[in-house]
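# Observations on chain architecture
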Amino acid sequence: MSEIDGVSKGNYYSDRDIEGLRGNEKVSTGAAINQIGNHAGLGDTHTIHGYDKTEAQIREDSRDGVLEEGTGGLVHEGNKQLIEHTVEGLAEHGGTRLAFRMISGALLPITVMEAGVDMTKAVADDAKVGHERAGAIVRDAMHLVIVGNLNGLPQGYVDAQRARYSNDVKNGSLAANMQRQLGRSDNGTMAIIQLHCDHGMTAARAMVDSKSTPADFMSAHPDVGKRYQSDPAFRHGFDGLVFAAQHGTYAATVHALDARDARYDAAHVAWRG
């Protein structure tokens, strides 16, 4: 990915790619990224939203939930590291749960064997979290490919978004295979995602021009709020332009947006959303 005046240049689109948008403007970002994923060997269809928790966040939430349950809500920053270390050590043995006793002002862990319905629930909870994490890994790759190939976003914003995802996802085969598809048959599909990003930028531009706040603007324009929640490309466009306004790259970002809109106009693509 190159950088021009602080604005990302994620992917190149030929005139044929842009012309192929005509009549496909309403194809969703979710449908488009799933098509790229399917062509890259992904068998299932995955639902993505404007914002999804990463696999790392789900894993952390699950670990924090176990700690809170095992300590009766007594976890705090002072003893969390000790408790986490103990949990990780006991996890290998399975079927155990932590209870704690306060002795001389110290919160000390003791193990209590799980049995019956408690063990069944623990196994079911582990399976649920495992399923959620597996799905999140795929969504992470999809989100990574989306934000990594969008044009015209502030580079600082792109870098911050990419940092949300683990190196395992960044270096994984799914993201790599999806990326390769853009150089084959799916460049035009990625152009649909770019169009939705530009719709988000156009909405944010109207908000900035009206001197409104995101909350007030979305309240006055519920269609924008709905799309912001459901469409990651639209959300990146909206948040990216807000970021640009806050970090001194607004003029360059809007200039690049105007250039893309001119290409849409020339190809008779409905770019106003």
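The structure under discussion appears in the preceding block.
Bear in mind that the values here come from a model prediction, so they are computed numbers and not experimental data.

As a packed pair, helix H12 (residues 232-246) and helix H13 (residues 250-266) sit with axes 7 Å apart at the nearest point and diverge in direction by 140 degrees. On the side of H12, the interface is formed by Leu-241, Ala-244 and Ala-245, while H13 contributes Tyr-250, Thr-253 and Val-254. Tallied by class, residues from the contact of H12 with H13 come to 5 nonpolar, 1 polar and no charged.

All right, on to helix H8 (residues 173-182) then. Residues of H8 that are buried: Ala-175, Met-178, Gln-181 and Leu-182. Buried positions in H8, seen along its axis, are confined to an arc of 115 degrees and lie on one side of it.

Here we come to H12. The terminal C-alpha atoms of H12, which comprises 15 residues, lie 21 Å apart, in line with the 21 Å expected from a rise of 1.5 Å per residue. Extensive coverage of H12 is indicated by the burial of 11 of its 15 residues. For H12, the set of buried residues is Pro-232, Ala-233, Phe-234, Arg-235, His-236, Gly-237, Phe-238, Gly-240, Leu-241, Val-242 and Ala-244. With a side-chain oxygen positioned 2.9 Å from the backbone nitrogen of Ala-233, the residue opening H12 is Asp-231. One or two residues past the end of H12 sits Gly-248, with phi positive at roughly 75 degrees.

Turning our attention to the packing of aromatic side chains. Under the defined criterion, the tally for this structure stands at 2 aromatic pairs. Between Tyr-157 and Phe-243, the aromatic rings sit 5.9 Å apart at their centres with planes inclined by 65 degrees, giving edge-to-face as the arrangement. Taken together, the residues span a long stretch of sequence, with Tyr-157 in helix H6 (residues 155-162) and Phe-243 in helix H12 at a distance of 86 residues. Seen in terms of ring centroids, Tyr-228 and Phe-238 are 5.6 Å apart; in terms of plane orientation they differ by 75 degrees. Their pairing is edge-to-face.

Let's shift gears to the side chain of Arg-235. Looking at the element boundaries, Arg-235 is found in helix H12. Look at Arg-235 and you get buried, because its relative accessible area is 17%. In contact with Arg-235, not counting residues within four places along its chain, are Gly-50, Tyr-51, Tyr-157, Tyr-228, Gln-229 and Gly-240.

Thresholds applied
- Residues numbered from 1 in each chain as written.
- Predicted model: local features only at pLDDT ≥ 70, side-chain atom pairs only at ≥ 80, totals over all residues.
- Heavy atoms only, no water.
- Axes fitted to C-alpha atoms, helices over the stretch in contact; angles between N-to-C directions.
- Helix = DSSP H or I, 4+ residues; strand = E, 2+ residues; numbered from the N terminus.
- Contact = heavy atoms within 4.5 Å.
- Nonpolar A, V, L, I, M, F, W, Y, C, P; charged D, E, K, R; others polar.
- Buried < 20%, exposed > 50% of the residue type's maximum accessible area, 1.4 Å probe, protein only.
- Arc of directions from axis to C-beta.
- Expected span 1.5 Å × (residues − 1).
- Polar contact = N/O pair within 3.5 Å; in protein donor to acceptor, adjacent residues only side chain to side chain.
- Phe/Tyr/Trp six-rings, centres within 6.5 Å; stacked < 30°, edge-to-face > 60°.

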